Amino acid sequence: MSRPVVFSGIQPTGSIHIGNYFGAIKQWVAGQDDAENIFCLVNMHALTVPQDPDVLRDQTLKLAMLLLAAGIDQTKSRLFVQSHVREHGELSWYLSCTASMGQMQRMTQYKEKSEAQRGEARVGLFTYPILMAADILLYRTTHVPVGDDQKQHVELARDLAQRFNATYGDVFVVPEPAIPKAGARIMGLDDPTKKMSKSAAGSYHAVGVLDSPEQIKKAVMSAQTDSGREVRADPARPGITNLLAIYAAATGVTIEAAEAHFANARGYGDVKKELVEILVETLRPLRERYAELSADPATVTELLKQGADAVRPIARATVDNVKRAMGAL
Ligand code: TYM
């Protein structure tokens with residue numbers, strides 16, 4: 001049996017928060033010994049909304065540092081920048097010639113984002129999930145560790161792969177999403193009915209993985225909760241439910257175990273105080289390693305180049321297979 005191939009991506013935009021960390025990055029780091037791992041800084045996806053070129057370049061390098069600081073290990077995993085491997089754009093075109101408009105119009109993230117942008121939404125935002133499918137399918141990926149919000153996009157990659165194979169013969173490996181049990185959908189601290197997001201405004205919306213202990217404390221202590229006291233997960237009480245989910249994700253326990261842990265809490269304040277301590281300690285090593293890596297950007301740039309060089313032949317072989325199957329080679 002060949003080893004599983006894990007592929008995942010993250011956009012170099014905004015500040016990376018604990019939703020990204022518990023939903024995705026933590027799984028990437030933990031699974032590194034069990035598979036071939038490829039992690040991608042998806043700067044071409046970031047361009048689906050307007051970006052300042054210098055800021056995008058800078059954030060791409062900083063995100064590489066952050067992932068290395070979080071424990072992505074260059075001896076076990078490949079880390080590279082999407083635009084450094086031109087096969088991503090190339091495969092995206094061929095796939096777009098197989099995807100139907102109806103299928104694309106059902107993508108909920110596009111619907112939400114394009115509504116918010118009223119007529120200004122770019123064509124790239126619409127075809128974004130096809131580029132994401134290309135990312136995944138290029139590397140014969142078997143598993144895609146992502147948060148819950150990306151599940152529909154991974155399903156699309158599966159559909160496109162299956163349809164292509166049925167039409168043109170077996171070219172693609174059909175990937176599976178890998179969604180964590182705890183932390184797959186961390187909600188905003190200021191509004192627990194909305195997903196924690198990189199682009200949301202408001203200083204108490206998220207905990208950034210590079211936040212100082214003071215910032216973490218402010219955000220968690222001011223998290224919106226209801227007026228109750230009983231520490232129990234309940235859809236009618238999204239605030240405390242979210243705090244329990246963050247606790248469960250950070251400590252690696254189930255929600256039930258998190259509830260049991262707080263059975264004697266005097267109220268939500270106790271939960272918040274303990275959560276501050278846990279998050280500060282969980283993120284401290286990451287923040288420290290990030291500071292070290294920041295001092296040596298040239299090494300990180302070189303590592304990204306090596307990552308792209310290592311994965312490019314795999315991507316090239318897939319695109320050639322696709323072109324041959326479709327009659328374009
Ligand atoms: P992005 O950059 O928005 O997020 C990176 C990862 O973080 C997860 N995530 C969350 N998990 C839990 N709670 C949250 N509030 C939360 N917010 C974000 C996301 O699910 C994701 O796993 N389209 C992707 C990037 C991408 C990709 C790929 C992923 C491009 N190509 C191929 C996998 C495979 C995105 O925008 O993720």
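Residues numbered from 1 in each chain as written. Predicted model: local features only at pLDDT ≥ 70, side-chain atom pairs only at ≥ 80, totals over all residues. Heavy atoms only, no water.

Peer 1: Describe the site of the ligand, and please don't skip the residues or the numbers.
Peer 2: What surrounds the ligand is a group of 28 residues, the closest being Tyr-128, Asp-135, Asp-149, Ile-186 and Lys-198. Between a nitrogen atom of the ligand and a main-chain N or O atom of Gly-19, the distance comes to 3.0 Å. Note that a nitrogen atom of the ligand is positioned 2.8 Å from one of the backbone N or O atoms of Ile-186. In isolation the ligand has 710 Å² of accessible area, and contact with the protein removes 96% of it. Of all elements in the fold, only β1 (5-10), α1 (18-30) and α7 (123-138) reach the threshold of two or more residues within the shell around the ligand. Here the residues of the shell around the ligand sort into 12 nonpolar, 11 polar and 5 charged. (Near = heavy atom within 4 Å. Polar contact = N/O pair within 3.5 Å; in protein donor to acceptor, adjacent residues only side chain to side chain. Areas by Shrake-Rupley, 256 points an atom, 1.4 Å probe, with all protein chains shown as cover. Helix = DSSP H or I, 4+ residues; strand = E, 2+ residues; numbered from the N terminus. Nonpolar A, V, L, I, M, F, W, Y, C, P; charged D, E, K, R; others polar.)

Peer 1: Just give me the short version of helix α3 (residues 53-70), but keep the residues and values in it.
Peer 2: Spacing of three or four residues puts side chains on the same side of an α-helix, whose turn is 3.6 residues. Here α3 spans 26 Å end to end across 18 residues, near enough to the 26 Å set by a 1.5 Å rise per residue. What α3 keeps buried is the set Leu-56, Thr-60, Leu-63, Ala-64, Met-65, Leu-66, Leu-67, Leu-68, Ala-69 and Ala-70. Looking one or two residues past α3, Gly-71 carries a phi angle of roughly 120°, positive in sign. (Expected span 1.5 Å × (residues − 1). Buried < 20%, exposed > 50% of the residue type's maximum accessible area, 1.4 Å probe, protein only.)

Peer 1: Pulling in residues and values, what's your account of the side chain of Thr-60?
Peer 2: Structurally, the position occupied by Thr-60 is in helix α3. Look at Thr-60 and you get buried, because its relative accessible area is 8%. Excluding residues that lie within four positions of it along the chain, Thr-60 makes contacts with Pro-12, Leu-41, Asn-43 and Val-81. (Contact = heavy atoms within 4.5 Å.)

Peer 1: Go over the packing of aromatic side chains with me, naming the residues and quoting the values.
Peer 2: The tally for this structure, following the rule as stated, stands at 8 aromatic pairs. Relative to Tyr-139, the ring of Phe-7 has its centre 5.5 Å away and its plane inclined at 10°; by these criteria the two rings are stacked. Taken together, the residues span a long stretch of sequence, with Phe-7 in strand β1 and Tyr-139 in the loop between α7 and β4 (143-145) at a distance of 132 residues. When its relative accessible area of 2% is taken as the criterion, Phe-7 is described as buried. In this structure an aromatic cluster arises from ring pairing among Phe-7, Phe-80 and Tyr-139. (Phe/Tyr/Trp six-rings, centres within 6.5 Å; stacked < 30°, edge-to-face > 60°.)

Peer 1: Requested: an account of the pattern of salt bridges, with residues and values cited.
Peer 2: In total, this model carries 20 salt bridges according to the counting rule given. Between Glu-36 and Arg-3 there is a salt bridge, with its nearest N and O atoms 3.3 Å apart. Taken together, the residues span a long stretch of sequence, with Glu-36 in strand β2 (residues 36-41) and Arg-3 in the segment before β1 at a distance of 33 residues. Its relative accessible area of 42% is what places Arg-3 among the partly exposed residues. Of the charged contacts, one joins Asp-191 and Lys-194 as a salt bridge, the two residues approaching to 3.1 Å between their closest N and O atoms. (Salt bridge = Lys/Arg side-chain N within 4 Å of Asp/Glu carboxyl O.)

Peer 1: Describe α7, naming the residues involved and giving the relevant values.
Peer 2: With 16 residues, α7 ought to run about 22 Å at 1.5 Å a step, and its terminal C-alpha atoms sit 22 Å apart, in line with that. The axis of α7 is deflected most strongly, by about 40°, at Pro-129. Of all 16 residues making up α7, 13 are buried, and the element is well covered by its neighbours. (Bend = angle between axes of the 7 residues up to and from the residue.)

Peer 1: Give a description of the environment of Asp-170 that names residues and reports values.
Peer 2: Tracing the backbone through its elements, the reader meets Asp-170 in the loop between α8 (151-168) and β5 (176-178). The exposure class of Asp-170 is exposed, given its relative accessible area of 73%. Note: C-alpha distance between Asp-170 and Asn-37 (133 residues apart in sequence) is 23 Å. Of the polar contacts made by the side chain of Asp-170, one reaches the side chain of Asn-165; its length is 3.5 Å.

Peer 1: Describe the nonpolar core, with residues and values.
Peer 2: Judged by nonpolar contacts, the single largest core of 57 residues is most densely connected at Ile-25, Leu-41, Leu-67, Leu-79, Val-207 and Leu-279. Counting residues per element, this core draws most heavily on helix α12 (residues 268-294), which supplies 10 residues. Structurally, this core is a two-domain feature, drawing no fewer than three residues from each of domain 1 (5-184 + 297-326) and domain 2 (213-291). Excluding residues that lie within four positions of it along the chain, Leu-41 makes contacts with Ile-10, Thr-60, Leu-63, Ala-64, Leu-67, Leu-79, Phe-80, Val-81, Gln-82 and Leu-304. The next biggest cluster of nonpolar side chains, apart from the first, holds 37 residues, and it includes Leu-95, Ile-136, Tyr-139 and Val-322. (Core = buried A, V, L, I, M, F, W, Y, C linked by side-chain atoms within 4.5 Å. Domains from an automatic or database assignment.)

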